[in-house]
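Observations on the model geometry
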Amino acid sequence: MKNILNESIVNIFTPNKKCIINADIDGIIAGILLQNFLNWEVVGYSSCCGKPDDELWLYDDNENLNDCIFVDLPVSIKNFSVIDQHFISINEEEVERYQSEGNKVNPNVLRRRNFENKDYTAKYPFGTAHFVLAVLENLGYIPEGYIIDFFKKINDFDLADLVLRADRVIGNTNSYTPNCIDWAHWIESIGGVNTEVLFDVVIKEHQTRSVTEKNVEKTLLSFGCKGIDGDCSNLFRCKDYQRLSNYFSFLGSCLDMPPLPVFVVHEFGMLTGYRVYIDYNTDFELLQADCNKDNVFSYAFVTMKALSMTLIDKK
């Protein structure tokens, strides 16, 4: 077994857990993998990206959130378990705190990236789904002989193009090539054969894949997603369960795995997001204190000058 440097990963990636999934293509593909290989039960979906309409949708509004894993969601509440890649630590002290909680895993934290050290441009540039794939292979939950056909044709692109659309891997690699190639080799080093096949495409073919990436974007929009990143939070807000079902079924059939469940949701109804504009002259101790307040549901740097915050009303 390859060493992935963090005991928390082994503790979190165990069978038969409940999870709450980010409502975009990255979260959905990650959820399909976890559902298929770890028998995880999806009990909710969420969008918490620092916008006023941030939301958490649950199958059962009495769900105990302490029992769930938040997937592809940078949830910062101490008792909540998380698999995410958006979050980058404010400083080294925050890396230590994140790791000490023992219930959160994140490639940026594994490689000790933090904003105060000006590591934002060296942050993990891929999707949570790709990290989940590598970890599942690393821990043996994806059997050695199990091969995902990433070159299977779907419409006018192949499965690799679809899976790499999660968090815009090809576009990122064309724009930030040295960082992406570094991370591609890192993720191959912790994954297995499927991770290696997928990221060999990134390393060797990123310059020629832009056209098919655009074809994937058109397909995602055709299902009613509000953005080219496969964000379907708009369908949850308007309760368009038929389009959600069509979208989830499409992604499941592409992967040859059962789709995520579509169910009538209850709005958690107590989240609100906004953006904080900062720079490297910011008082990082004060920023850290603000991010660790009890009413902060999640936070993540979204650019070198902006921090996404989502607050929870505990009244």
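Structure shown above.
Everything in this summary refers to the structure shown in the same document. (Residues numbered from 1 in each chain as written. Predicted model: local features only at pLDDT ≥ 70, side-chain atom pairs only at ≥ 80, totals over all residues. Heavy atoms only, no water.)

1. Considerations on a negative patch on the surface
- Among the surface-exposed residues, Glu-93, Glu-116, Asp-283 and Glu-285 lie close enough to one another that they form a single negatively charged patch.
- Structurally, the position occupied by Glu-93 is in helix α3 (residues 92-101).
- The exposure class assigned to Glu-93 is exposed, which follows from its relative accessible area of 54%. (Patch = residues over 30% accessible without salt bridge, like charges linked within 9 Å, V, L, I, M, F, W, Y side chains within 5 Å. Areas by Shrake-Rupley, 256 points an atom, 1.4 Å probe, with all protein chains shown as cover. Salt bridge = Lys/Arg side-chain N within 4 Å of Asp/Glu carboxyl O. Lys, Arg positive; Asp, Glu negative; His and termini not counted. Charge placed at Lys NZ, Arg CZ, Asp CG, Glu CD. Helix = DSSP H or I, 4+ residues; strand = E, 2+ residues; numbered from the N terminus. Buried < 20%, exposed > 50% of the residue type's maximum accessible area, 1.4 Å probe, protein only.)

2. Notes on the state of the cysteines
- For the coordinates displayed, the defined rule picks out zero disulfides.
- With no disulfide of its own, Cys-48 has Cys-49 as its nearest cysteine by sulfur position, at a separation of 7.3 Å.
- Since its relative accessible area comes to 7%, Cys-48 is described here as buried.
- Cysteine Cys-254 shares no disulfide, and the gap to the nearest cysteine sulfur, in Cys-225, comes to 12 Å. (Disulfide = S-S within 2.5 Å.)

3. Quick look at the packing of aromatic side chains
- In this structure the tally under the stated criterion is 22 aromatic pairs.
- Their ring planes at 5 degrees and their centres at 3.9 Å tell us that Phe-115 and Phe-301 sit as a pair that is stacked. Of the two residues, Phe-115 sits in the loop between α4 (107-110) and α5 (128-138) while Phe-301 sits in strand β11 (residues 296-303), which places them 186 residues apart along the sequence. Here Phe-115 and Phe-301 have matching classes, each one buried.
- An aromatic cluster is present here, built from Tyr-45, Trp-57, Tyr-59, Phe-223, Phe-236, Tyr-247, Phe-248, Phe-250 and Phe-263 joined pairwise through their rings.
- Positioned above the aromatic ring of Trp-183 is the side chain of Arg-111, whose terminal nitrogen or guanidinium carbon lies 4.5 Å from the ring centre. (Phe/Tyr/Trp six-rings, centres within 6.5 Å; stacked < 30°, edge-to-face > 60°. Lys NZ or Arg CZ within 6 Å of the ring centre and 35° of its normal.)

4. Re the environment of Glu-7
- Counting through the fold element by element, Glu-7 comes out in helix α1 (residues 7-12).
- Put simply, Glu-7 and Arg-275 are 268 residues apart on the chain and 33 Å apart in space, counted from C-alpha to C-alpha.

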